[in-house]
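# Chains, contacts and geometry: an overview
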Amino acid sequence: MIIAIDGTTSSGKGTLAKRLAAQYGLPHLDTGLLYRAVGKAALDAGVDLMDEASCAALAMQIGLKDFDERELRTAGVGAAASIVAVLGGVRRALFELQRAFAHRQGGAVLDGRDIGTVIAPDADVKLWVDASVEERARRRFLELSGMGEVVTQSEVLAMLKERDARDSQRKDAPMKPADDAIWIDTTRMTPDECLARAIEIVEAKRGKKKT
Ligand code: DC
(Lines give C-alpha, C1' and ligand atoms only; values in the text may rest on other atoms or scores of the structure.)
Protein backbone atom coordinates (compact mmCIF):
# COMPACT_ATOMS: atom_id res chain seq x y z
CA MET A 1 0.00 0.00 0.00
CA ILE A 2 1.38 3.39 -1.00
CA ILE A 3 0.19 6.34 1.09
CA ALA A 4 0.92 9.76 -0.41
CA ILE A 5 0.65 12.74 1.92
CA ASP A 6 0.98 16.24 0.51
CA GLY A 7 0.31 19.61 2.04
CA THR A 8 1.62 22.91 3.26
CA THR A 9 4.49 23.62 5.68
CA SER A 10 3.62 23.05 9.35
CA SER A 11 0.20 21.63 8.52
CA GLY A 12 0.96 18.51 10.54
CA LYS A 13 1.62 16.31 7.52
CA GLY A 14 5.04 15.19 8.77
CA THR A 15 3.76 14.06 12.15
CA LEU A 16 0.82 12.36 10.51
CA ALA A 17 3.07 10.58 7.99
CA LYS A 18 5.32 9.23 10.75
CA ARG A 19 2.43 8.00 12.83
CA LEU A 20 0.58 6.44 9.90
CA ALA A 21 3.77 4.62 8.87
CA ALA A 22 4.13 3.24 12.41
CA GLN A 23 0.46 2.26 12.47
CA TYR A 24 0.75 0.20 9.27
CA GLY A 25 4.37 -0.94 9.69
CA LEU A 26 5.45 0.85 6.50
CA PRO A 27 8.72 2.66 5.77
CA HIS A 28 8.41 6.45 5.70
CA LEU A 29 10.18 9.07 3.61
CA ASP A 30 9.90 12.78 4.40
CA THR A 31 10.78 14.08 0.93
CA GLY A 32 11.21 17.64 2.24
CA LEU A 33 14.45 16.43 3.86
CA LEU A 34 15.87 15.67 0.40
CA TYR A 35 15.26 19.25 -0.76
CA ARG A 36 16.52 20.56 2.57
CA ALA A 37 19.71 18.49 2.17
CA VAL A 38 20.28 20.03 -1.28
CA GLY A 39 19.60 23.53 0.06
CA LYS A 40 22.02 22.99 2.95
CA ALA A 41 24.70 21.54 0.64
CA ALA A 42 24.37 24.57 -1.65
CA LEU A 43 24.58 27.01 1.29
CA ASP A 44 27.65 25.19 2.68
CA ALA A 45 29.39 25.17 -0.70
CA GLY A 46 28.55 28.82 -1.36
CA VAL A 47 26.64 27.84 -4.51
CA ASP A 48 24.02 30.29 -5.84
CA LEU A 49 20.63 28.75 -4.98
CA MET A 50 19.37 29.58 -8.48
CA ASP A 51 22.33 27.97 -10.27
CA GLU A 52 20.47 24.99 -11.70
CA ALA A 53 23.44 22.96 -12.97
CA SER A 54 25.41 23.23 -9.72
CA CYS A 55 22.41 22.55 -7.48
CA ALA A 56 21.37 19.58 -9.63
CA ALA A 57 24.92 18.19 -9.32
CA LEU A 58 24.62 18.46 -5.53
CA ALA A 59 21.18 16.80 -5.65
CA MET A 60 22.64 13.85 -7.57
CA GLN A 61 24.89 13.13 -4.61
CA ILE A 62 22.00 12.92 -2.15
CA GLY A 63 21.15 9.40 -1.06
CA LEU A 64 18.74 7.95 1.48
CA LYS A 65 20.64 8.13 4.71
CA ASP A 66 20.09 9.24 8.24
CA PHE A 67 19.67 12.95 7.76
CA ASP A 68 20.73 15.21 10.59
CA GLU A 69 17.30 16.70 11.20
CA ARG A 70 18.55 19.32 13.66
CA GLU A 71 20.74 20.80 10.95
CA LEU A 72 18.07 20.56 8.26
CA ARG A 73 15.02 21.85 10.11
CA THR A 74 16.19 25.45 10.57
CA ALA A 75 14.28 28.33 8.98
CA GLY A 76 17.25 29.24 6.77
CA VAL A 77 17.60 25.74 5.34
CA GLY A 78 13.82 25.53 4.81
CA ALA A 79 13.87 28.72 2.75
CA ALA A 80 16.88 27.47 0.74
CA ALA A 81 15.06 24.16 0.13
CA SER A 82 12.05 25.98 -1.26
CA ILE A 83 14.30 27.96 -3.64
CA VAL A 84 16.26 24.98 -5.00
CA ALA A 85 12.99 23.00 -5.28
CA VAL A 86 11.94 25.37 -8.07
CA LEU A 87 14.78 24.08 -10.27
CA GLY A 88 13.73 21.36 -12.70
CA GLY A 89 17.21 19.84 -12.68
CA VAL A 90 17.08 19.38 -8.90
CA ARG A 91 13.62 17.79 -9.06
CA ARG A 92 14.73 15.41 -11.82
CA ALA A 93 17.84 14.44 -9.82
CA LEU A 94 15.68 13.50 -6.81
CA PHE A 95 12.84 11.84 -8.76
CA GLU A 96 14.08 8.23 -9.09
CA LEU A 97 15.08 8.01 -5.45
CA GLN A 98 11.57 8.95 -4.33
CA ARG A 99 9.83 6.84 -6.94
CA ALA A 100 11.83 3.75 -6.02
CA PHE A 101 11.06 4.32 -2.34
CA ALA A 102 7.34 4.62 -3.05
CA HIS A 103 7.27 1.46 -5.12
CA ARG A 104 9.27 -0.82 -2.84
CA GLN A 105 7.75 -4.17 -2.06
CA GLY A 106 5.11 -3.89 0.63
CA GLY A 107 4.49 -0.20 0.15
CA ALA A 108 5.52 3.02 1.84
CA VAL A 109 4.37 6.34 3.22
CA LEU A 110 5.81 9.48 1.62
CA ASP A 111 5.09 13.08 2.48
CA GLY A 112 5.88 16.20 0.49
CA ARG A 113 4.31 18.51 -2.05
CA ASP A 114 4.04 16.45 -5.25
CA ILE A 115 3.77 12.85 -4.07
CA GLY A 116 0.17 12.26 -5.17
CA THR A 117 0.61 14.23 -8.40
CA VAL A 118 4.10 13.37 -9.69
CA ILE A 119 6.03 10.83 -7.61
CA ALA A 120 3.26 8.28 -7.01
CA PRO A 121 0.12 9.22 -8.95
CA ASP A 122 -0.81 5.55 -8.54
CA ALA A 123 -0.81 5.72 -4.70
CA ASP A 124 -3.57 3.76 -2.98
CA VAL A 125 -4.37 6.59 -0.59
CA LYS A 126 -3.75 10.29 -1.21
CA LEU A 127 -4.14 12.83 1.53
CA TRP A 128 -3.91 16.62 1.33
CA VAL A 129 -3.16 18.10 4.74
CA ASP A 130 -3.59 21.81 5.39
CA ALA A 131 -4.43 24.31 8.14
CA SER A 132 -5.00 28.07 8.27
CA VAL A 133 -1.80 30.01 7.69
CA GLU A 134 -2.17 31.72 11.10
CA GLU A 135 -2.35 28.38 12.91
CA ARG A 136 0.60 27.04 10.92
CA ALA A 137 2.61 30.16 11.82
CA ARG A 138 1.78 29.62 15.50
CA ARG A 139 3.01 26.00 15.35
CA ARG A 140 6.15 26.83 13.38
CA PHE A 141 6.95 29.72 15.71
CA LEU A 142 6.80 27.38 18.72
CA GLU A 143 8.95 24.83 16.90
CA LEU A 144 11.61 27.37 15.86
CA SER A 145 11.67 29.04 19.28
CA GLY A 146 12.07 25.61 20.85
CA MET A 147 15.14 25.12 18.65
CA GLY A 148 16.56 28.40 19.95
CA GLU A 149 15.92 30.47 16.81
CA VAL A 150 15.17 34.14 17.50
CA VAL A 151 12.09 35.01 15.41
CA THR A 152 8.71 36.65 15.97
CA GLN A 153 5.41 35.02 15.08
CA SER A 154 4.70 37.71 12.48
CA GLU A 155 8.06 37.06 10.81
CA VAL A 156 7.17 33.37 10.68
CA LEU A 157 3.77 34.21 9.18
CA ALA A 158 5.43 36.27 6.43
CA MET A 159 7.94 33.46 5.78
CA LEU A 160 5.18 30.87 5.44
CA LYS A 161 3.19 33.03 3.03
CA GLU A 162 6.28 33.54 0.89
CA ARG A 163 7.04 29.79 0.97
CA ASP A 164 3.43 28.83 0.09
CA ALA A 165 3.52 31.20 -2.87
CA ARG A 166 6.85 29.90 -4.18
CA ASP A 167 5.93 26.22 -3.69
CA SER A 168 2.53 26.54 -5.36
CA GLN A 169 3.47 28.86 -8.21
CA ARG A 170 6.57 27.09 -9.53
CA LYS A 171 6.35 25.62 -13.02
CA ASP A 172 7.71 22.15 -12.20
CA ALA A 173 5.58 19.94 -9.95
CA PRO A 174 3.88 22.77 -8.05
CA MET A 175 2.45 22.06 -4.61
CA LYS A 176 -1.19 21.12 -5.14
CA PRO A 177 -3.66 18.45 -4.10
CA ALA A 178 -4.13 15.55 -6.50
CA ASP A 179 -7.65 15.51 -7.99
CA ASP A 180 -8.42 12.36 -6.03
CA ALA A 181 -6.79 13.44 -2.74
CA ILE A 182 -8.88 13.51 0.43
CA TRP A 183 -8.51 16.72 2.43
CA ILE A 184 -7.76 16.94 6.12
CA ASP A 185 -7.91 20.42 7.66
CA THR A 186 -5.92 20.22 10.89
CA THR A 187 -6.56 23.81 12.06
CA ARG A 188 -8.71 22.66 14.98
CA MET A 189 -7.45 19.10 15.27
CA THR A 190 -5.03 17.51 17.71
CA PRO A 191 -2.41 15.15 16.23
CA ASP A 192 -4.42 12.21 17.64
CA GLU A 193 -7.61 13.37 15.93
CA CYS A 194 -5.71 13.84 12.70
CA LEU A 195 -4.30 10.31 12.90
CA ALA A 196 -7.73 8.85 13.68
CA ARG A 197 -9.24 10.61 10.65
CA ALA A 198 -6.43 9.39 8.38
CA ILE A 199 -6.84 5.80 9.60
CA GLU A 200 -10.56 6.06 8.88
CA ILE A 201 -9.75 7.15 5.32
CA VAL A 202 -7.16 4.39 4.80
CA GLU A 203 -9.53 1.74 6.16
CA ALA A 204 -12.36 2.96 3.93
CA LYS A 205 -10.05 2.69 0.90
CA ARG A 206 -8.90 -0.78 1.91
CA GLY A 207 -12.48 -1.91 2.48
CA LYS A 208 -13.44 -0.68 -0.98
CA LYS A 209 -10.52 -2.54 -2.59
CA LYS A 210 -11.55 -5.85 -1.02
CA THR A 211 -15.14 -5.64 -2.25
O1 DC B 1 8.22 19.89 3.91
P2 DC B 1 9.43 20.80 4.11
O3 DC B 1 9.10 22.11 4.76
O4 DC B 1 10.54 20.10 4.81
O5 DC B 1 9.95 21.12 2.61
C6 DC B 1 10.96 22.06 2.35
C7 DC B 1 10.82 22.57 0.93
O8 DC B 1 11.12 21.52 0.00
C9 DC B 1 9.44 23.06 0.53
O10 DC B 1 9.26 24.43 0.78
C11 DC B 1 9.34 22.75 -0.92
C12 DC B 1 10.29 21.60 -1.13
N13 DC B 1 9.63 20.32 -1.38
C14 DC B 1 9.18 20.07 -2.65
O15 DC B 1 9.26 20.93 -3.51
N16 DC B 1 8.64 18.86 -2.95
C17 DC B 1 8.51 17.91 -2.02
N18 DC B 1 7.98 16.73 -2.35
C19 DC B 1 8.94 18.17 -0.69
C20 DC B 1 9.48 19.40 -0.39
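Residues numbered from 1 in each chain as written. Predicted model: local features only at pLDDT ≥ 70, side-chain atom pairs only at ≥ 80, totals over all residues. Heavy atoms only, no water.

Before going further, it helps to spend a moment on the sheet that holds strand E2 (residues 28-30). Strand order in the open sheet formed by 5 strands is E2-E3-E1-E4-E5, and the pairing between neighbours is parallel. This sheet does not close on itself; its edge strands, each paired only once, are E2 and strand E5 (182-185). Each strand of the sheet is rotated relative to its neighbour by a mean of 20°, with strand direction disregarded. Bridging between strand E1 (residues 2-7) and strand E3 (residues 108-112) involves 5 bridges; their strand directions are parallel. Looking across to E3, one finds that Ile-2 is bridged to Ala-108. Seen against the sheet, helix H1 (residues 13-24) touches E1, E2, E3, strand E4 (125-130) and E5 and runs at an angle of roughly 170° to E1. (Pairing = 2+ DSSP bridges. Helix = DSSP H or I, 4+ residues; strand = E, 2+ residues; numbered from the N terminus. Axes fitted to C-alpha atoms, helices over the stretch in contact; angles between N-to-C directions. Contact = heavy atoms within 4.5 Å.)

A few words on H1. The terminal C-alpha atoms of H1 lie 16 Å apart, and with 12 residues this matches the ideal 16 Å at 1.5 Å per residue to within 8%. Listed as buried for H1 are Lys-13, Leu-16, Ala-17, Leu-20, Ala-21 and Tyr-24. Around the axis of H1, the buried residues are gathered within 130° of arc, so they sit on the same side. (Expected span 1.5 Å × (residues − 1). Buried < 20%, exposed > 50% of the residue type's maximum accessible area, 1.4 Å probe, protein only. Arc of directions from axis to C-beta.)

Even without being glycine, Ser-10 reaches a positive phi, approximately 60°. Inspection of the secondary structure assignment puts Ser-10 in the loop between E1 and H1. Even without glycine at this site, Ala-173 takes up a positive phi of about 45°. The topology assignment puts Ala-173 in the loop between helix H9 (153-169) and E5.

Geometric descriptors of this kind do not, in isolation, establish any biological role.
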